[in-house]
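So the chains spell out like this:
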Amino acid sequence: RAYLKTAAACENSVIGAFLTFELLTGMRFGEVRNLTWSAVDLHHNAIHIRNPKSGSDQFIPLNAEAGDLLRRLPRDPDNPFVFQGSKGGRVGHATAFRYGRAIAQAAGLPSGFRPNHGLRHCFASALASSGQVDMYVLQKLLTHKSPQMTMRYAHLHDDALRRGASVMGKIAKAAEAAAWAEKKGGRSTT
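Reading the values: rules and limits
Residues numbered from 1 in each chain as written. Predicted model: local features only at pLDDT ≥ 70, side-chain atom pairs only at ≥ 80, totals over all residues. Heavy atoms only, no water. Helix = DSSP H or I, 4+ residues; strand = E, 2+ residues; numbered from the N terminus. Rg over C-alpha atoms; globule rule 2.2 N^0.38 Å. Buried < 20%, exposed > 50% of the residue type's maximum accessible area, 1.4 Å probe, protein only. Contact = heavy atoms within 4.5 Å. Areas by Shrake-Rupley, 256 points an atom, 1.4 Å probe, with all protein chains shown as cover. Pairing = 2+ DSSP bridges. Core = buried A, V, L, I, M, F, W, Y, C linked by side-chain atoms within 4.5 Å. Salt bridge = Lys/Arg side-chain N within 4 Å of Asp/Glu carboxyl O. Lys, Arg positive; Asp, Glu negative; His and termini not counted. Polar contact = N/O pair within 3.5 Å; in protein donor to acceptor, adjacent residues only side chain to side chain.

A. Structural context of the overall build of the protein. The helix and strand tally for the protein stands at nine helices and three strands. Its C-alpha atoms give the protein a radius of gyration of 22 Å, more than 25% over the compact-globule value 16 Å for 190 residues. C-alpha extents for the protein along the principal axes are approximately 80 × 35 × 30 Å. The buried share of the protein, reckoned over its 190 residues, is 40%. Taking all contacts inside the protein whose residues are at least 6 apart in sequence as the whole, residues at least 24 apart take part in 55%. Carbon and sulfur atoms form 56% of the exposed surface of the protein, whose accessible area is close to 11500 Å².

B. Quick look at the environment of Ala107. Summarising the element assignment, Ala107 is placed in the loop between α5 (93–106) and α6 (115–130). With relative accessibility at 15%, the residue Ala107 sits in the buried group. What Ala107 contacts, discounting residues up to four positions off in sequence, is Ala2, Tyr3 and Thr6.

C. Seen up close, the sheet that holds strand β2 (residues 46–49). Across the sheet, three strands lie side by side as β1-β2-β3; this open sheet has antiparallel pairing. Across the chains shown, the open sheet's two edge strands, defined by having one partner strand only, are β1 (40–41) and β3 (58–61).

D. Spotlight on the nonpolar core. The biggest cluster of nonpolar side chains holds 35 residues, and the ones touching the most others in it are Tyr3, Phe21, Leu35, Leu70 and Phe83. Mapped onto this core, the elements with two or more residues apiece are α1 (2–8), α2 (13–25), α3 (29–33), β2, α4 (64–72) and α5. For this core, the element with the most residues is α2, which contributes seven residues. Aside from chain neighbours lying at most four places away, what touches Leu70 is Phe21, Trp37, Val40, Leu42, Leu62, Val82 and Phe83. The next biggest cluster of nonpolar side chains, apart from the first, holds nine residues, and it includes Ala124, Ala128, Val133 and Leu138.

E. View of the pattern of salt bridges. All chains considered together, the criterion is met by two salt bridges. Between Arg71 and Asp68 there is a salt bridge; the shortest N-O distance is 3.6 Å. You can see Arg71 and its partner Asp68 sitting in helix α4, three residues apart, about one turn around the helix. Residue Asp68 is classed as partly exposed on the basis of its relative accessible area, which comes to 37%.

F. View of the side chain of Arg33. Here Arg33 lies in helix α3. For the buried Arg33, no salt bridge is present, and the opposite-charge side chain at shortest range is Glu22, 9.8 Å distant. From its side chain, Arg33 meets the backbone oxygen of Val91 in a polar contact 2.8 Å long. In this structure, Arg33 is in contact with Phe18, Phe81, Arg90, Val91, Gly92 and His93, ignoring residues within four places of it in sequence.

G. Highlighting the pairing of β3. Only one face of β3 is buried, namely the one carrying Gln58 and Ile60, since none of Phe59 and Pro61 on the opposite face is buried. Examined bridge by bridge, β2 and β3 share four bridges and lie antiparallel to one another. By the bridge assignment, Ile49 is partnered in β3 with Gln58.

Remember that the coordinates give geometry; whether it matters functionally is a separate question.
Structure follows, in structure tokens:
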């Protein structure tokens, strides 16, 4: 929350949006930096990632927040890039890193936090530990070529699995309590 709040308040609104978009989509730094409007389908909330690290082009869905962020961006019709630099073209590499470090520091993140890759890692970690996204879906969202790459986040899923397994324990405990109450009241539980 602190990171998102700090990025939203960034003096350079395009950079703030750029860094927020990385977190919302889990896209790689270069993929976001090279993203063009022709690869964005706001009608269907999807992005066409051309030449990803995995090798073959990928389509990923946009969540509503990422779509809204893109709709609010200033747009120069003569510049094909989504995240446009101040001198035309795309956001500068050094500029994104400089602001990324400043926002991370202002948000109180650890000094070793690597803003651009760290945002992708936060995206993956949050989804893996939510218990709502399976590893196959996470692999596809991250555009990993192999499941082994995605399995780095599987340990985070263990906590969600434990929470899920504890649900059965709660159900059994409630059933036992109900059976005890019925037995105490003289009714049969069969």
